[in-house]
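# Structure at a glance
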Amino acid sequence: MQKKGGVRIELIDLVKAVTIFLVILGHTAANEATPLYRRILYSFHMPLFFFLAGLSIRPEPIHGRDGWQTFLRKNILAIVVPYLIWGLIYAPFSFDRFPKLFYASWSSLVAMETLTSLWYLPALFTARILVQAVVSYCGASDPDRIRSLCAYAAVPMFLIGFLCPRMENGYPWCLDVGFVAAGFILLGIALRHKILIFAQETGMKLGAAFVLACVLFYLGSAGRGDALELSLMCDGRYGNIFWFLMNTVFGSMTVICFCMILARIAREGARPFSVSAVTCIGAHTMGIFLIHKNLVFQLILPWIRSFLPGMEFFTAFLASCAALAASLWLCLLIERYVPQMLGQFPRYDA
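Residues numbered from 1 in each chain as written. Predicted model: local features only at pLDDT ≥ 70, side-chain atom pairs only at ≥ 80, totals over all residues. Heavy atoms only, no water.

As enumerated under the stated definition, the model contains nine salt bridges in all. For the salt bridge of D235 with R166, the shortest nitrogen-to-oxygen distance reads 2.9 Å. Placement of the pair is D235 in the loop between α10 (203–220) and α11 (241–268) and R166 in the loop between α8 (146–163) and α9 (175–198), with a sequence separation of 69 residues. Notably, a salt bridge pairs E312 with R305, separated by 3.1 Å at the nearest N-O pair. Taking the relative accessible area as the measure of exposure, E312 reaches 35% and is therefore partly exposed. The partly exposed category is assigned to R305, whose relative accessible area is 32%. Here the salt bridges do not stand alone but share partners, grouping E10, R264, R267 and E268 into one network. (Salt bridge = Lys/Arg side-chain N within 4 Å of Asp/Glu carboxyl O. Helix = DSSP H or I, 4+ residues; strand = E, 2+ residues; numbered from the N terminus. Buried < 20%, exposed > 50% of the residue type's maximum accessible area, 1.4 Å probe, protein only.)

The structure is reproduced here in structure tokens:
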């Protein structure tokens, strides 16, 4: 599952690839009258993204000012710099818009008329700081139990995030959302080993887990029909917290178990096949996330609707497939010539 000498894990990249497609599909339906499939997607796909960020983290405590300076510098380059670059690229030029960009809430991005999906980056940056503070504290108090302590620490993060009073313009740097995101990242850190070990179980167990997750997710989402609220994590609107958490858990389980089965079939099926194309998508989700939305609404969706009117879900599905392919190609092009736009900088000595 894990490449020797590397940091990428096939299963995690598979799940990321499926998740970024679901994100694109949800965005493609953004101008519709909130169809059921959009509410289903929004009930879990962004929490899953943050959970996957936790699965990708190896918890290492930081000690001293130099360690924190290095940590902040790396995350500023990887997250904040792309946020600022793309925020300015997508916004109409105006000096009075700059303060809104630096306030970095979803509401301020809406007022700035830039790419509203960029809220994910300030929320991730805030969450990474919160998570690292927890990891460093846990590492200092009990280094052998960092992962289990991270699971306990997720609870107060969720409570703070859910109980934050609403603000008209949102919290600076998506602070309220950052607490909830930190909770999901901490759970990802805590469950990383268990998930990778479970992925080695028999196909029968993986299939049973997938079916169970599908049934429970259906009951909590599509099975509730019009009672299913649209969860907008970007604005700190989760609807019914109980159903939000249940759908997050079982929706995420559905995707993860599906990818476990896909990886197993690819390796051990009667006719093994490569999933390298899918894992390539999973390795470039940041760039795809930043690029796809304008492609969908300004080019791909209008073009498809010109010869395929109606059938909204089918149209959205085709547009999402095309946007995913085009975004990946543009992402690879940017990585080759201007990787700094995607937060990729040459390695430097700490």
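On the basis of relative accessibility, which here comes to 12%, the residue D235 falls in the buried class. Within the structure, the side chain of D235 is placed 2.9 Å from the side chain of R237, a separation counted as a polar contact. Those residues in contact with D235 that sit more than four places away from it in its chain are W106, S107 and R166. (Polar contact = N/O pair within 3.5 Å; in protein donor to acceptor, adjacent residues only side chain to side chain. Contact = heavy atoms within 4.5 Å.)

Turning next to unusual backbone geometry. The phi angle at E113 is positive, at roughly 65 degrees, despite the residue not being glycine. Position of E113 relative to the elements: it lies in the loop between α6 (106–112) and α7 (120–141). Residue C174 is not a glycine yet carries a positive backbone phi of 50 degrees. Examined against the element boundaries, C174 turns out to sit in the loop between α8 and α9.

Next up on the list: a nonpolar patch on the surface. Where nonpolar side chains cluster on the molecular surface, the patch consists of M311, F313, F314, F317 and L318 and spans about 450 Å² of accessible area. With respect to the secondary-structure elements, F313 resides in helix α14 (residues 312–337). Classification of F313 as partly exposed rests on a relative accessible area of 43%. (Patch = residues over 30% accessible without salt bridge, like charges linked within 9 Å, V, L, I, M, F, W, Y side chains within 5 Å. Areas by Shrake-Rupley, 256 points an atom, 1.4 Å probe, with all protein chains shown as cover.)

Right, let's talk about the packing of aromatic side chains for a bit. This model, assessed by the stated rule, comprises 26 aromatic pairs. Between F44 and F217, the ring centres sit 5.1 Å apart and the planes meet at 75 degrees, which makes this aromatic pair edge-to-face. Of this pair, F44 sits in the loop between α2 (36–42) and α3 (45–55) while F217 sits in helix α10, and the two are 173 residues apart along the sequence. The burial state of F44 is the same as that of F217; both residues are buried. Centre to centre, the rings of F49 and F289 are 6.4 Å apart; their planes meet at 85 degrees, and the pair counts as edge-to-face. Within this pair, whereas F49 is found in helix α3, its partner F289 is found in helix α13 (residues 285–307), the two being separated by 240 residues in sequence. When sorted by exposure, F49 lands in the same class as F289, which is buried. (Phe/Tyr/Trp six-rings, centres within 6.5 Å; stacked < 30°, edge-to-face > 60°.)

Here we take up the side chain of H45. With respect to the element layout, H45 can be found in helix α3. Sequence-distant contacts of H45, defined by excluding residues within four places in its chain, comprise T19, L22 and V23.

Moving on, we get to α3. Residues spaced three or four apart along an α-helix point in a common direction, a consequence of the helix completing one turn every 3.6 residues. For α3, a buried count of 11 out of 11 residues is recorded, marking the element as mostly surrounded by other parts of the structure. Listed in full, the buried residues belonging to α3 are H45, M46, P47, L48, F49, F50, F51, L52, A53, G54 and L55. Where α3 is buried, its residues touch α1 (10–28), α2, α7, α9, α11 and α13.

Moving on, we get to empty space enclosed by the protein. Using the criterion set out here, one finds two cavities of 30 Å³ or more in the structure. The volume enclosed by the largest cavity comes to roughly 70 Å³. Taken together, S43, R224, L228, E229, S231, Y238, G239, N240, W243, F244 and N247 make up the full set of residues lining the largest cavity. Its residues assigned to classes, the lining of the largest cavity shows four nonpolar, five polar and two charged. (1 Å grid on protein atoms, 1.4 Å probe; cavity = no way out; pocket = protein on both sides within 12 Å on 5 of 7 lines; lining within 4 Å. Points joined across faces, edges and corners; volume = space filled by probe spheres on them. Nonpolar A, V, L, I, M, F, W, Y, C, P; charged D, E, K, R; others polar.)

Attention now goes to the layout of surface pockets. What the largest pocket holds in volume is close to 2000 Å³. Around the largest pocket, the lining comprises 49 residues; the ones closest to its centre are R8, S56, N75, A78 and R128. Where the lining of the largest pocket is concerned, the elements lending two or more residues are α1, α3, α4 (64–90), α7, α9, α13 and α14. Residue composition of the lining of the largest pocket, by class: 27 nonpolar, 12 polar and 10 charged.

Let's shift gears to the nonpolar core. Grouped together as the largest cluster of nonpolar side chains are 108 residues, with contacts concentrated most on L11, F50, W86, W119, Y120, I185 and M233. Ignoring anything within four residues of it in the chain, the contact list for Y120 reads M46, F49, F50 and F289. (Core = buried A, V, L, I, M, F, W, Y, C linked by side-chain atoms within 4.5 Å.)

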